[in-house]
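Residue-level structural notes
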Amino acid sequence: MILKTDFPVEIFKTDRRKTVSIKIVDGGVHVIVPKRLSDARVKDLILKRTSWIKQKLRIQSETVPPKPKEYVSGENFTYLGKNYKLKLIPNGDGEVKMKGKYLTLGYPKILSETDRKSFVKGSLEDWYKGHALSRLTEKTKRYGKMLRVNPQLVSIKNYKSKWGSCSSTGEIFFNWRIIISPHRIVDYVVVHELCHILEHNHSAAYWSHVKSIIPDFNQDRQWLKVNGVGLFV
């Protein structure tokens, strides 16, 4: 199929999909479509989404790839939008603790550099996950009362490409990494998922519910689009 666009497009046809999926991958566009869909229909769908695609490509091009963590003393780690310096304590108790502007962690001095990094990373992730579940549960209860909804379950997951999900039965799952972002962003994600209990879609009615709690939610959505790639431990 010949398709003239300002951006590279790869089209993948499969029997395993019933709907069209458009993803931005490394500065290009991957379009996954059902095999039964005609080339003309695929071309029409891409042209109709051109404005959206260009916006996504622009955001991706402006996003600075985050520097990999080294898991050493003095390195910054962010929790609820605030930076804390990591302080490693040789032969300490192996527990992450927040003390003032520091996250302290004791580690076995006998560990090799590779094993030490693995130990520090794992310990920090466990700490973040525990705090994420506690904070997100608290916020979900608070905003649930405001929206008059009661989730059946609140839990965390290790999602790669989304910040939360809500099942048709009212079970809410959050990406634990969202706890790295500022309070207002966490609040937006919580409200976003809670509103899916009222409307399991992204209709105008759904966004009306979101706006009733967070009037400037579009700013939070944009913040996540630009900064979401940097939310990692």
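Here the structure is a predicted model, which means the values were calculated and not measured. Each chain has its residues counted from 1, running along the sequence as written. Reporting of local features is limited, given that this is a predicted model, to residues whose pLDDT is at least 70; pairs of side-chain atoms are given and counted only at 80 or more, and all residues count toward the totals for whole chains, interfaces and linings. Note: side-chain values were computed over all heavy atoms of the structure, leaving out hydrogens and water.

1. Considerations on unusual backbone geometry
Stated formally: A run of H or I in DSSP counts as a helix once it spans at least four residues, and a run of E counts as a strand once it spans at least two, with each numbered from the N terminus. For every residue, the accessible area obtained with a 1.4 Å probe (protein chains only) is divided by the maximum for its type, and the residue is called buried under 20%, exposed over 50%, and partly exposed between those limits.
For Tyr71, which is not a glycine, the phi torsion comes out positive at approximately 60°. When you line up the elements, Tyr71 lands in the loop between helix H2 (50-62) and strand S4 (76-79). Taking relative accessible area as the criterion, Tyr71 reaches 8% and is therefore assigned buried. At Asn91, a position not held by glycine, the phi torsion is positive, near 60°. Position of Asn91 relative to the elements: it lies in the loop between strand S5 (82-90) and strand S6 (97-99). On the basis of relative accessibility, which here comes to 57%, the residue Asn91 falls in the exposed class.

2. Thoughts on the pattern of salt bridges
To keep things clear, this is the line we draw: Salt-bridge detection follows one rule: a side-chain nitrogen of Lys or Arg within 4 Å of a carboxyl oxygen of Asp or Glu.
What the rule picks out here adds up to eight salt bridges. Residue Glu125 is joined to Lys121 by a salt bridge in which the shortest nitrogen-to-oxygen separation is 2.7 Å. Placement of both Glu125 and Lys121 in helix H3 (residues 113-147) is noted, with a separation of four residues, approximately one turn of the helix. Residue Glu125 is classed as buried on the basis of its relative accessible area of 14%. Salt-bridge contacts for Arg184 lead to Asp220; the nearest nitrogen and oxygen are separated by 2.5 Å.

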